[in-house]
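Overview (structure and organization)
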Amino acid sequence: MINFKSIALSIRLSRYRVLPLLLSTAVSSVAAPVYALQQSELEVYPPNWWAGMQNPEVELMIYGEGVADDTVSIDKGKAIINRVKALDSENYLFVTLDTSGARAQELTLTLTDNDGSYRTVHYPLEKRREDSALRKGFGPEDAIYLIAPDRFANGNTANDNVDGYQDKVDRQFKGGRHGGDIQGIVDNLDYIKSMGFTQVWTMPMLENAMDKYSYHGYSTTDYFRIDPRFGSNDAFIDFSEKAKSEGVGVIMDMVLNHIGSNHKWMKDTPSKDWINNEGKFVGTTHKRESLHDPHAIESDIKGFSDGWFVPTMPDLNQRNPHLANYLVQNAIWWVETADLSGIRVDTYSYPDKAFLSEWTNRLMDEYPNFNIVGEEWSVNPAITAYWQAGSQRHDDYDSALPSVMDFPLQAAVVKALNNDESWNSGFITVYETLATDFLYGDPNNLVIFPDNHDMSRIYTQLGHDKAKWNMAMTLLLTTRGIPQVFYGTEILMGNEGSDDHGIIRSDFPGGWPSDSDKNAFTGKGLNNDERWAQQRIKALLQLRQTYPQLFQGKLKHYAPVGGVYTYFRTADSTVKNSEKIMVALSKESVDLSLTSYTEMLKDGQTLTRVNDGKTFEATDTISLPAMSASVFIVK
């Protein structure tokens, strides 16, 4: 693995200018030219690669003054130059290397200008981790903790403000940087693990050198550098290593659709078609349905894919093959460099559709057991399912995307709990949503969630009703799919009176040295409801760790009756004599005869209620309180 402590992220290189000097020699009386050195700089992306990759080609983007007309040769090392391509800018050159059969080594490339001057690039081909290609991504047995790094914990106050970055710490401003960082997450890995989370997904931590609102991370200005106000590349690698040693994987949030307007590409663009709409702001329509509409016109499709989110987020044109390569290689580079267990892709459907197929296929070719989840914010299961690999779709689109965020289920849960029970409202909305799972290639690999960083917190969505929160969290931590919990949801954090993202992403109590009155990491200052909620999440997540085979297995549910929705989690048929989990959600106070579930409960089986340990027989009648969520282990 490359050592970033000794090698800079952007490789700084020497420019050799030819300066003739007159020297007398014993060999000849003729003046002989001698070559002196003059310093200059090149940047190479990706800054290193690995021997033994599935795809042996790597395309280097070399950036430097006047580099586009240089000729390139390899003076040291085993590799072949397949292609050299310049685009519109005189300062970019794209060099494709074939590393077939190459071992780990340092290549030396020479770039020679027309005037005879030359530059050398020392390019590392690293040795891969053992079994890197076979790494296992996150799966249904996992539980994901979503963190806004700037708002979680400030572990290193020394990097709160960094010279050269305009957006300074202002904890009183809801849209400002508050100082949370990588060290803050590392310092609290024990809390994350003790709660029962096995994966951490953080909002992006790549450099965001924007003038304001840089804390959220979605306006990238350097794809290969961690923002120094969060830490460094080394700090991110150390975080991943420490998390892995605690049994916690790291999922990286990647943005393929757009960049920040302060990215260097906006001052020196590699090609005229690098940014959509000729580099000028034209807003996206957000009409994702146009990609699937059999009646759609081309301008509507283009208006969705090529439009910008906001003027400060220039929209990338991934139809440019060199930009496409850059984004693919950047993702692979981070997987290898930081030993990732997964990727979450922001605004998945917005980039060019053909590019998404290429990007995802190339990632999955390199890592067949990996997991990638795409954000497709649609509550229509047909739209969401389209993007998951293995789904039946209306065209021959080749999607290799393993997972999608399940927005339809999130919306259904909130609607079910906020509406009265009737033949067409209440729990029937959850039942009907799950009944459309036939649309998905693998519904158990969907990422499900009560809320996230872009919507009101679930406690607020449910009217700050603790019983409804309990029912929602119980359902979403025990039904099919991979649950994701937003930091603070476990202590009933809300956003009453405001749907501003800066309020939704409020600071986690206890994450700052000045948080003396309340600390959710230790429990200090939490009220009784917050303590109860935290323990409830912990108990539900413990089930996933105790019975992973059940959450990797099947969901069987009964149509809701009389305000009661009941379902079971069972292991695959290959697992012998396995327990089951039964969940009963009830809006009404009822006496429930367990003989109603004879297809799932057999004579002689016992049910143990998780919250109090009370045991029942499969022939008993049990009392369910109104607005309750009961979980039973069936043996």
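Numbers given to residues run from 1 along each chain, matching the order in which its sequence is written. With the structure being a predicted model, the display of local features is reserved for residues of pLDDT at least 70 and the display and counting of side-chain atom pairs for 80 or more, all residues being used for whole-chain, interface and lining totals. For side-chain calculations, the full set of non-hydrogen atoms in the structure is used, while hydrogens and water are omitted.

Another aspect to go through is the packing of helix H6 (residues 321-338) against helix H7 (residues 353-366). Running from N to C, H6 and H7 point in directions that differ by 30°, and their axes come no closer than 10 Å. Judged on the interaxial angle alone, H7 and H6 are roughly parallel. With respect to the hand of their crossing, H6 and H7 are arranged in right-handed fashion. Together, Ala 324, Asn 325, Leu 327, Val 328, Gln 329, Ala 331, Ile 332 and Val 335 of H6 and Phe 355, Glu 358, Trp 359, Arg 362, Leu 363 and Glu 366 of H7 make up the contact between the two elements. For helices, the fitted line uses only the C-alpha atoms of the stretch in contact; every axis is such a line through C-alpha atoms, and the angle between N-to-C directions lies from 0 to 180 degrees. Numbering of helices and strands starts at the N terminus; helices are DSSP runs of H or I of at least 4 residues and strands are runs of E of at least 2. Just so you know how the angles are binned, under 35 degrees is roughly parallel, over 145 roughly antiparallel, 65 to 115 roughly perpendicular, and the rest oblique. If you view the pair so one helix is near and one far, a crossing is left-handed when the near helix is turned anticlockwise from the far one by less than a right angle, and right-handed when it is turned clockwise. Throughout, a contact is declared for two residues whenever any of their heavy atoms are within 4.5 Å.

It is worth spelling out the sheet that holds strand S18 (residues 447-448) at this point. Strand order in the open sheet made by the eight strands is S17-S16-S15-S14-S11-S10-S19-S18, with parallel pairing throughout. Because the sheet does not close on itself, it has two edges, and the strands there are strand S17 (403-404) and S18. In this scheme, strands are said to pair when DSSP sees at least two bridges between them. One ladder, built from three bridges, connects strand S10 (residues 144-147) with strand S19 (residues 482-486); its direction is parallel. Residue Leu 146 lies in a different strand from S19, and its bridge partner there is Phe 486.

Let us now look at the confidence of the model for the protein. The pLDDT averaged across the protein works out to 93; a share of 94% of its residues lies at or above 70. Per-residue confidence from the predictor is given as pLDDT, running between 0 and 100. Ignoring residues within four places in sequence, the model shows residues 1-40, a span with pLDDT below 50, making 82 contacts including any to other chains.

The next thing to look at is the sheet that holds strand S4 (residues 57-63). Read across the open sheet, the four strands follow the order S2-S4-S7-S6; overall the sheet is antiparallel. Looking along the sheet, the strands with just one partner apiece sit at the ends: strand S2 (43-45) and strand S6 (80-85). Taken pair by pair, the neighbouring strands of this sheet meet at an average axis angle of 25°, ignoring direction. Sheet analysis places S4 next to strand S7 (residues 92-98), joined by seven bridges and oriented antiparallel. The partner of Tyr 63 across the bridge, within S7, is Tyr 92. Strands S2, S4, S6 and S7 of the sheet are contacted by H6, whose axis makes an angle of about 110° with S4.

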